[in-house]
Amino acid sequence: MRSTRFRRTFAAIGVCSLALTAAACGSNDDAASGKTRITVNCEPPRSAKVDRRFFEEDIASFERQHSDIDVVAHDAFPCEDPKTFDAKLAGGQMEDVFYTYFTDVKHVVDTGQAADLTLYVKELKSYGTLQQQLRDIYTVDGRIYGIPRTGYSMGLIYNRKLFRQAGLDPDRPPTTWDEVRADAKKIAALGDGTVGYADYSAQNQGGWHFTAELYSQGGEVVDADGKKATVDTPEGHAVLQNLHDMRWIDNSMGSKQLLVINDVQQMMGSGKLGMYLAAPDNIPILVKEKGGNYDDLAIAPMPGGKGTLIGGDGYMFNKKDTPAQIRAGLKWLDHMFLTPGRGFLGDYARAKKNNAPVGLPEPRLFTGAADAQDQQAKKANANVPVANYQSFLDGNHTLQMKIEPPNAQQIYSVLDGTVSAVLTKKDADIDQLLKDAGGKIDTILARS
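Undergrad: Explain the overall build of the protein to me, please; I cannot follow it from the model alone.
TA: Scanning the protein from N- to C-terminus turns up 18 helices and 12 strands. Here the C-alpha atoms of the protein give a radius of gyration of 22 Å, agreeing with the 22 Å that 2.2 N^0.38 yields for 448 residues. Based on the C-alpha atoms only, the size of the protein along its principal axes is roughly 75 × 50 × 40 Å. Looking at the protein residue by residue over its 448 residues, the buried ones come to 58%. Long-range pairs, those at least 24 residues apart, make up 77% of the contacts in the protein with a sequence separation of at least 6. Counting only carbon and sulfur atoms, one obtains 49% of the accessible surface of the protein, whose full area is about 18,200 Å². Of the charged side chains in the protein, 51 are positive and 57 negative, and the gap between their average positions amounts to 4 Å.

Undergrad: Would you mind showing me how to read the packing of helix α9 (residues 234-249) against helix α17 (residues 408-424) here?
TA: In a packed pair of helices, the relevant descriptors are the angle between the two axes and the axis-to-axis distance. The N-to-C vectors of α9 and α17 enclose an angle of 30 degrees; their axes lie 8 Å apart at closest approach. It follows that α9 is roughly parallel to α17 by the angle criterion. The two elements α9 and α17 meet at a crossing, and its hand is right-handed. The residues of α17 that touch α9, namely those facing Leu240, Leu243, His244, Arg247 and Trp248, are Thr418, Val419, Val422, Leu423 and Thr424. A per-class count over the contact of α9 with α17 returns six nonpolar, three polar and one charged.

Undergrad: Whenever I open this one, the side chain of Asp183 confuses me. Can you help?
TA: Assignment of secondary structure puts Asp183 in helix α7 (residues 177-188). The charged side chain of Asp183 is buried without a salt bridge, its nearest counter-charge being Lys186 at 5.3 Å. Among all residues touching Asp183, those that are not within four sequence positions of it are Phe163, Leu168, Pro174 and Met275.

Undergrad: Hey, could you run me through the nonpolar core in this one?
TA: Generally speaking, nonpolar side chains in soluble globular proteins are found buried as a group. Within the largest apolar cluster, 74 residues are counted, with the highest numbers of intra-cluster contacts made by Tyr197, Phe210, Leu243, Met275, Tyr276 and Ile441. Considering each element in turn, this core owes the most residues, nine residues, to α17. The contacts of Leu243, once residues within four sequence positions are left out, are Tyr197, Asp199, Glu213, Met253, Val419, Val422 and Leu423. In this structure, Cys42, Leu89, Val121 and Ile147 belong to the second largest nonpolar core, which totals 51 residues.

Undergrad: It is not clear to me how the state of the cysteines should be interpreted in this structure. Could you clarify?
TA: Note on terminology: a disulfide is the covalent bond linking the sulfur atoms of two cysteines. Evaluation of the coordinates by the stated rule reveals one disulfide. Disulfide pairing places Cys42 opposite Cys79 at an S-S distance of 1.9 Å. One quick way to see it: the torsion about the S-S bond of Cys42 and Cys79 is about 60 degrees, and its sign makes the bridge right-handed. Of the two residues, Cys42 sits in strand β1 (residues 36-43) while Cys79 sits in the loop between β2 (69-75) and α3 (82-90), which places them 37 residues apart along the sequence. The class for Cys42 is buried, based on a relative accessible area of 0%.

Undergrad: Explain the packing of aromatic side chains here, please?
TA: For any pair of aromatic rings, geometry is given as the distance between the ring centres together with the angle between the planes. Under the defined criterion, the tally for this structure stands at 12 aromatic pairs. Ring centres 6.0 Å apart and planes at 90 degrees place the aromatic pair Trp177 and Tyr197 in the edge-to-face group. With Trp177 in helix α7 and Tyr197 in strand β8 (residues 195-197), this pair connects stretches of sequence that are 20 residues apart. As far as the burial class goes, Trp177 and Tyr197 line up, both buried. Members of the aromatic cluster, each reached through a chain of ring pairs, are Phe55, Tyr99, Tyr101, Tyr315, Trp332, Phe337 and Phe344.

Undergrad: Quick question: what am I supposed to make of the sheet that holds β8 here?
TA: Two strands in a sheet stick together by hydrogen bonds in their backbones, pointing the same way (parallel) or opposite ways (antiparallel). The strand order across the open sheet built from four strands is β8-β9-β7-β10, with neighbouring strands paired in mixed fashion. Of all strands in the sheet, those bounded by a partner on one side alone are β8 and β10 (297-301). Geometrically, the sheet is characterised by an average inter-axis angle of 25 degrees between neighbouring strands, direction not taken into account. For strand β7 (residues 155-159) and strand β9 (residues 273-278), the ladder comprises four bridges, and the chain directions are antiparallel. Bridge pairing in β9 places Ile157 opposite Tyr276.

Undergrad: Hey, could you run me through the pattern of salt bridges in this one?
TA: Counted under the stated rule, the structure contains 19 salt bridges. Among the ionic pairs, Asp192 bridges to Lys272, the shortest N-O distance being 2.9 Å. Here Asp192 is found in the loop between α7 and β8, whereas its partner Lys272 is found in the loop between α10 (261-269) and β9, with 80 residues between them in sequence. Accessibility expressed as a relative area gives 66% for Asp192, which makes it exposed. Overlapping salt bridges, with partners in common, bring together Arg53, Glu57, Asp58, Asp347 and Arg350 in one network.

Undergrad: What am I meant to see in the confidence of the model for the protein here?
TA: Low-confidence regions, as indicated by low pLDDT, have predicted coordinates that should not be scrutinised in detail. For the protein, per-residue confidence averages 92 on the pLDDT scale, and 93% of positions sit at 70 or higher. In the model, residues 4-24 has pLDDT below 50 throughout and makes 92 contacts with residues more than four positions away in sequence or in other chains.

Definitions and cut-offs
Residues numbered from 1 in each chain as written. Predicted model: local features only at pLDDT ≥ 70, side-chain atom pairs only at ≥ 80, totals over all residues. Heavy atoms only, no water. Helix = DSSP H or I, 4+ residues; strand = E, 2+ residues; numbered from the N terminus. Rg over C-alpha atoms; globule rule 2.2 N^0.38 Å. Buried < 20%, exposed > 50% of the residue type's maximum accessible area, 1.4 Å probe, protein only. Contact = heavy atoms within 4.5 Å. Areas by Shrake-Rupley, 256 points an atom, 1.4 Å probe, with all protein chains shown as cover. Lys, Arg positive; Asp, Glu negative; His and termini not counted. Charge placed at Lys NZ, Arg CZ, Asp CG, Glu CD. Axes fitted to C-alpha atoms, helices over the stretch in contact; angles between N-to-C directions. Parallel < 35°, antiparallel > 145°, perpendicular 65-115°, else oblique. Left-handed = near helix turned anticlockwise from the far one by under 90°. Nonpolar A, V, L, I, M, F, W, Y, C, P; charged D, E, K, R; others polar. Salt bridge = Lys/Arg side-chain N within 4 Å of Asp/Glu carboxyl O. Core = buried A, V, L, I, M, F, W, Y, C linked by side-chain atoms within 4.5 Å. Disulfide = S-S within 2.5 Å. Phe/Tyr/Trp six-rings, centres within 6.5 Å; stacked < 30°, edge-to-face > 60°. Pairing = 2+ DSSP bridges. pLDDT = per-residue confidence, 0-100.

Next up, the structure:
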């Protein structure tokens, strides 16, 4: 699945109509003007006025510094639309530099639509400063096919105010699922419609969270070869048993189920929810769109202490790109996203001036001196209570970071039914549900 903050997921594939020729999205060097022309996507739509202005400002400053490069940006929402992505890919209609989720990489490479960047990345100034595990996502069979732009990891968002009201210490969030269950029960006991813990169970989001919870228990959704399901295990059973017990024994998850992200965000923003799993970028949504307060919201590392789900995005290059276009695209990525403390995502002073949140614990893209520089700039411009996120930062160092499984959306659809059954049927047979889910996932993997 994807993270939700607009600055990370904002926008754009749709300017190029599928009815147009491939050349309408990709582009050739403009020999007549002496410039190298590149098309790029994921420009924020006009409705997102501040982000759109930032993006345009950064392209303009790039073109001033590189007078031999012409950047043409395409906008729409979302950045990658599942309804059109595969069709554009198959038709060779992607932009010269195009946005992808981490889970797209192998698929794009397998279709033969990605340019091999291996010989060019030495020209990307920032490449060696990026986290190795994020670089590895865009490396297939030893060849480099893309550049990561952001990364996120799941954690436990919780309401400090409800913790205090329930007699819990908001500076000591739960670190195990037993503690989550105990704390959720105390929060639900506050009454007046308060829910201790909420989870998704529809629109593939239940399968997404099951995966995150399975990782937290030390489990896997598929085996190392990506050919067999591994959900029918003690770890998978523990995930479902915990949800069942909170729902039916403790009554700490409320009676309304088949929830999706917007439902849960609304509950948290209104002050009626104690905890749910999410990435840090949920926090500004809870404040700006759902009525929450930064002082009341905190995030802790994933309970369980063994692993957490990571995701993110980056850019890949059209296989039709010329060497000049690849070099121009890499320079653009450096300028826009990959210079610590600068660019569209890193100009924290500009973001603060425009009342955008600064100080959230992610994305954390860089390592070493580059990371220190980026974090220093973020700290200097922070306008949110950074102390509320410290346990998340501290705890993440001990967790194994795991990407989503292959064929993620198809698998999540299967697991949606598994999770929803547990949350809507008190007598659900957990063993049979996991056995059935494993068989269906095996079928999906055999077809891929």
